[in-house]
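Observations on chain architecture
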Amino acid sequence: VICRLDENAVLRLTAPCSGVLFLAGCVTGTLSGFFGVGGGFLIVPALTFVTQLSIHRAVASSLFIISMVGISGVVSALWHGRKLPLVLTLLFMCGGLIGMFLGQRVARSVSAIVLQKVFIVIIVLVALTTFLVAGMSK
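Quick caveat, the model's predicted, so the values are computed rather than measured.

Apart from glycine, the bulk of residues carry a negative phi angle, and the bulk of peptide bonds sit in the trans form. Its identity is not glycine, yet Ala9 carries a phi of approximately 65 degrees, on the positive side. Of note, Ala9 is situated in the segment before helix H1 (15-35).

As structure tokens, then:
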């Protein structure tokens with residue numbers, strides 16, 4: 001673990017830690033952009049691998065990171081004159097917010113180890129689904 005928490009459970013941003021977090025952000029951003037994979041599937045493992053953050057804190061950090069990246073993407077698209085399908089966007093956003101709050105409530109009552117195992121199963125299922133869909137499209 002390159003990044004460590006201090007006695008108050010606050011991440012100590014040393015030069016090596018900052019560099020590794022920046023590099024991990026670049027790698028996860030590139031992979032997200034290249035493969036179109038949701039950032040959380042890459043950010044959460046990166047944060048838990050590089051830092052001592054619990055999965056609960058890594059998920060919360062990931063959601064914040066994804067929201068900031070999403071907002072910047074929308075602003076960029078609008079700035080360049082692209083039109084967004086507002087009804088579709090609002091429906092998906094509302095569903096996503098409701099799901100996020102429900103997921104947070106459930107996650108609070110689940111131990112970190114169970115949450116990590118569920119996360120792993122979901123990642124494997126997404127990978128298998130992606131593999132099968134890619135095979136069918138040929």
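As a further point, take the nonpolar core. Grouped together as the largest cluster of nonpolar side chains are 8 residues: Ile43, Val44, Leu47, Ile55, Ala58, Ala107, Leu115 and Phe119. No other element matches helix H2 (residues 40-50), which puts 3 residues into this core. Ignoring any residue separated from it by four or fewer positions in sequence, one finds Val44 in contact with Ile55, Ala58, Val59, Ser62 and Phe119.

Our focus in this paragraph is the packing of H2 against helix H3 (residues 55-79). The interhelical angle for the contact between H2 and H3, taken along N-to-C directions, is 135 degrees, at an axis separation of 9 Å. Compared by their axis directions, H2 and H3 come out oblique. Regarding H2 and H3, the two cross each other, and that crossing is right-handed. For the pair H2 and H3, contact is made by Gly40, Ile43, Val44, Leu47 and Thr48 and by Ile55, Ala58, Val59, Ser61, Ser62, Ile65 and Ile66, respectively. Partitioning the contact of H2 with H3 into residue classes produces 8 nonpolar, 4 polar and no charged.

So, on to the state of the cysteines. Counting across every chain of the model gives 1 disulfide. The partner cysteine of Cys3 in its disulfide is Cys17, sulfur to sulfur 2.1 Å. The sign of the 110 degrees torsion about the S-S bond sets the Cys3-Cys17 disulfide as right-handed. Here Cys3, found in the segment before H1, pairs with Cys17, found in helix H1; they are 14 residues apart in sequence, far enough to count as distant. For the pair Cys3 and Cys17, one class covers both residues: buried. You can see Cys26 has no disulfide; the closest cysteine sulfur is in Cys3, sitting 14 Å from it. Judged by relative accessible area, Cys26 falls into the partly exposed class, the value being 35%.

What follows is about the packing of H1 against H2. At their nearest, the axes of H1 and H2 sit 10 Å apart, and the two run at 160 degrees to each other. With respect to H2, the element H1 is oriented roughly antiparallel. Judged by the twist between their axes, the crossing of H1 over H2 is right-handed. Contacts between H1 and H2 pair Val20, Leu21, Ala24, Thr28, Leu31 and Ser32 from the former with Leu42, Ile43, Ala46, Leu47 and Val50 from the latter.

This part is about the environment of Gly99. For Gly99, the position within the fold is in helix H4 (residues 86-108). Overall, Gly99 belongs to the partly exposed group, its relative accessible area being 38%. Counting along the chain gives 70 residues from Gly99 to Gly29, while the straight-line C-alpha distance between them is 24 Å.

Right, let's get into the packing of aromatic side chains. Under the criterion given, the structure shown has 1 aromatic pair. A centroid spacing of 6.1 Å and a plane angle of 20 degrees characterise the contact between Phe41 and Phe119, whose relative ring orientation is stacked. Pair noted here: Phe41 is in helix H2 and Phe119 is in helix H5 (residues 112-136), with a separation of 78 residues, a long-range link. Overall, Phe41 belongs to the partly exposed group, its relative accessible area being 29%. In this structure Phe119 comes out as buried when scored by relative accessible area, which is 18%.

Rules behind the numbers
Each chain carries its own residue numbering, running from 1 in the direction its sequence is written. The predicted origin of the model limits local features to residues at a pLDDT of at least 70 and limits the giving and counting of side-chain atom pairs to 80 or more, whereas totals for whole chains, interfaces and linings rest on all residues. The basis for every side-chain value is the complete set of non-hydrogen atoms in the structure, without hydrogens or water. By the criteria applied, helices consist of DSSP H or I runs no shorter than four residues and strands consist of E runs no shorter than two, each listed in order from the N terminus. In this description, a nonpolar core means a group of buried Ala, Val, Leu, Ile, Met, Phe, Trp, Tyr and Cys residues linked to one another through side-chain atoms lying within 4.5 Å. Each residue's exposure class comes from its accessible area (1.4 Å probe, protein chains only) as a fraction of the maximum for that residue type: buried when under 20%, exposed when over 50%, partly exposed otherwise. When checking whether two residues touch, look at their non-hydrogen atoms; a contact exists if any pair is within 4.5 Å. Every axis corresponds to a line fitted to the C-alpha atoms, with the helix fit spanning only the stretch in contact, and the corresponding angles, defined between N-to-C directions, vary from 0 to 180 degrees. What sets the label is the angle itself: under 35 degrees gives roughly parallel, over 145 gives roughly antiparallel, 65 to 115 gives roughly perpendicular, and the rest give oblique. Working rule for handedness: look at the near helix, and if it is turned counterclockwise from the far one by less than a right angle, call the crossing left-handed; if clockwise, right-handed. Under the scheme applied, nonpolar residues are Ala, Val, Leu, Ile, Met, Phe, Trp, Tyr, Cys and Pro; charged residues are Asp, Glu, Lys and Arg; polar residues are all the others, including Gly. Counting rule for disulfides: a pair of cysteine sulfur atoms within 2.5 Å. Two aromatic rings from Phe, Tyr or Trp, using only the six-membered ring of Trp, form a pair when their centres are within 6.5 Å; if the ring planes differ by under 30 degrees the pair is stacked, by over 60 it is edge-to-face, and anything between is tilted.

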